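Residue-level structure breakdown
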Amino acid sequence: MATGIRDTVHAAEAAAVMRLLPARPRLLALGEPTHGEDALLDLRNEFFRQLVEQQGYRTIAIESDCMKGLAVDDYVTSGTGTLDEVMEHGFSHGWGTSAANRELVRWMRARNDDRPASERLRFAGFDGPLEITGAASPRQALIALHGYLAAQVDADLLPCTVETLDHLLGTDDRWTDPAAMTNPAQSVGQSAEAGQVRLLADDLVALLDAQTPHLLKATSRDDWERACLHGRTATGLLRYHYWMADNSPARMTRLVGVRDQMMAHNLLAVAARDRVLVHAHNAHLQREKSTMRMGGTPLEWWSAGALVSAQLGQGYAFVATAVGTIQHRGVGTPPPNTVEGLLYALPEDRCVIDAPRLAAALDDTGTALRVSPWFGYSPLDPAHLGHNDGIVFVKDVPQS
């Protein structure tokens, strides 16, 4: 092991990550190279506990539906509902079945018990209500926003009645038809009704913005922030549905870009409230353009992390997680000329790596990009190392 590489290695703890950074970031992003591995989520939980106890972080935001996540936040802050209920209904993408996610929610609720509101931990989903098979109807978010405004402002200021919205939205299955993901003609996103809803949503969000001083006096800040979330979600979903109905070559690029833009807006909102640990796939958090192939078509877009980093500067930090093996997925020992292979030769099972120093140490060594035999795992790109603030390396990922 080259001395230069050995010098980049630190203990696998949050304090080691913080020492790599020029300042304590508003948003500390911890990426993962694959989804669904509880060993990586257990590590995330450990880092969050350390950040809470040592660094004053109070919010965790994960790659899950921002609307569903409100139920988890209600549970951890005030005990609303039961643990079983929020695990079933508070997560998207199937994340609620994860033992590590369950332990995270249980620990947050226990820690918040008997603490004043100013010291309570908060939970946020920061993804849109989106799945790979399609997008949710904007109904829930839009009706909630209208209801909040109708209760607080003069009726004459509202752009429409709730009955008008209900009529224009129609049935939810028109919006959620999975056939629309592969066939733009099946989407209602560019129908005349959807166009009217989009204009009304824009007017409702503008009214929310214009009435902010009054609303913050008339309601709690939490209620106002929730209304802002409903506004962002409604307009984001309507934009997403619009592009689902598009049949141009840029359709999928638009869709993945809108998704990450929704993520970025949600992250900036939670960062305005508190210091946040963000956890998601590396591809949603990196500073460089993200890339993927979908249906044989190469896509490039700016990730949520890239968008947030552009706004927050040193207020955003990104630490990627890298792994050596995931044997139960067919991902064996990494080739020695890859970043993962070089790190796999270290004696540590888990460690934190100074990514910019590692990039400098590997300069001109011809480090190769690892090729994964499993589509669900994304190796580190050696060309991106210097743009990461750190790496958390896990040598072997056991089966959950």
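Residues numbered from 1 in each chain as written. Predicted model: local features only at pLDDT ≥ 70, side-chain atom pairs only at ≥ 80, totals over all residues. Heavy atoms only, no water.

**Description of the overall build of the protein**
For the protein, the helix and strand inventory stands at 18 helices and twelve strands. For 400 residues, the compact-globule estimate of 2.2 N^0.38 gives 21 Å, and the C-alpha radius of gyration of the protein, at 22 Å, lies within 12% of that figure. Along the first, second and third principal axes, the C-alpha atoms of the protein reach 70 × 55 × 35 Å. Relative to its full complement of 400 residues, the protein shows a buried share of 51%. Long-range contacts, defined here as pairs at least 24 residues apart, represent 77% of the contacts in the protein between residues at least 6 apart. For the protein, the accessible surface area stands at approximately 17300 Å², while carbon and sulfur atoms represent 50% of it. Looking at the protein, you have 36 positive and 49 negative side-chain charges, and the mean spots of the two groups are 4 Å apart. (Helix = DSSP H or I, 4+ residues; strand = E, 2+ residues; numbered from the N terminus. Rg over C-alpha atoms; globule rule 2.2 N^0.38 Å. Buried < 20%, exposed > 50% of the residue type's maximum accessible area, 1.4 Å probe, protein only. Contact = heavy atoms within 4.5 Å. Areas by Shrake-Rupley, 256 points an atom, 1.4 Å probe, with all protein chains shown as cover. Lys, Arg positive; Asp, Glu negative; His and termini not counted. Charge placed at Lys NZ, Arg CZ, Asp CG, Glu CD.)

**What about the pairing of strand S8 (residues 289-294)?**
Note: S8 against strand S9 (residues 297-302), six bridges, orientation antiparallel. Looking at the pairing, Met-292 lines up with Leu-299 of S9. The loop that links S8 with its antiparallel partner S9 comprises two residues; one of these, Gly-295, has a positive phi angle of about 60°. (Pairing = 2+ DSSP bridges.)

**Notes on the layout of surface pockets**
Size it by volume and the largest pocket reaches roughly 1500 Å³. Lining the largest pocket are 46 residues, and of these His-281, Ala-283, Met-292, Phe-375 and Ser-378 lie nearest its centre. When residues of the lining of the largest pocket are traced back to their parent elements, those giving at least two are strand S5 (130-131), helix H14 (251-273), helix H15 (282-285), S8 and strand S10 (316-325). Considering every element that reaches the lining of the largest pocket, the biggest residue donor is S8, with six residues. Class assignment for the residues of the lining of the largest pocket results in 21 nonpolar, 15 polar and ten charged. Its boundaries defined by the atoms lining it, the second largest pocket holds a volume of some 700 Å³. As for the second largest pocket, its lining consists of 32 residues, and the residues nearest its centre are Asp-73, Arg-122, Asp-222, Glu-225 and Arg-273. At the level of secondary structure, the elements contributing two or more residues to the lining of the second largest pocket comprise helix H4 (69-78), strand S4 (122-127), helix H13 (221-244) and H14. Tallying contributions element by element places H13 first for the lining of the second largest pocket, with eight residues. Classifying every residue of the lining of the second largest pocket by side-chain character gives 13 nonpolar, seven polar and twelve charged. (1 Å grid on protein atoms, 1.4 Å probe; cavity = no way out; pocket = protein on both sides within 12 Å on 5 of 7 lines; lining within 4 Å. Points joined across faces, edges and corners; volume = space filled by probe spheres on them. Nonpolar A, V, L, I, M, F, W, Y, C, P; charged D, E, K, R; others polar.)

**Quick notes on the domain arrangement of the protein**
The domains assigned to the protein are domain 1 (1-131 + 263-397) and domain 2 (134-250). The distance between the C-alpha centroids of domain 1 and domain 2 comes to 30 Å. At the junction of domain 1 and domain 2, the tally comes to three salt bridges. Across the salt bridge formed by Asp-74 and Arg-226, the nearest N and O atoms sit 3.0 Å from each other. Our count for the contact surface shared by domain 1 and domain 2 stands at five residue pairs in polar contact (both at pLDDT 80 or more). Mapped onto the side of domain 1 that touches domain 2, the elements with two or more residues apiece are H4, S5 and H14. Its residues assigned to classes, the side of domain 1 that touches domain 2 shows six nonpolar, two polar and five charged. (Domains from an automatic or database assignment. Salt bridge = Lys/Arg side-chain N within 4 Å of Asp/Glu carboxyl O. Polar contact = N/O pair within 3.5 Å; in protein donor to acceptor, adjacent residues only side chain to side chain.)

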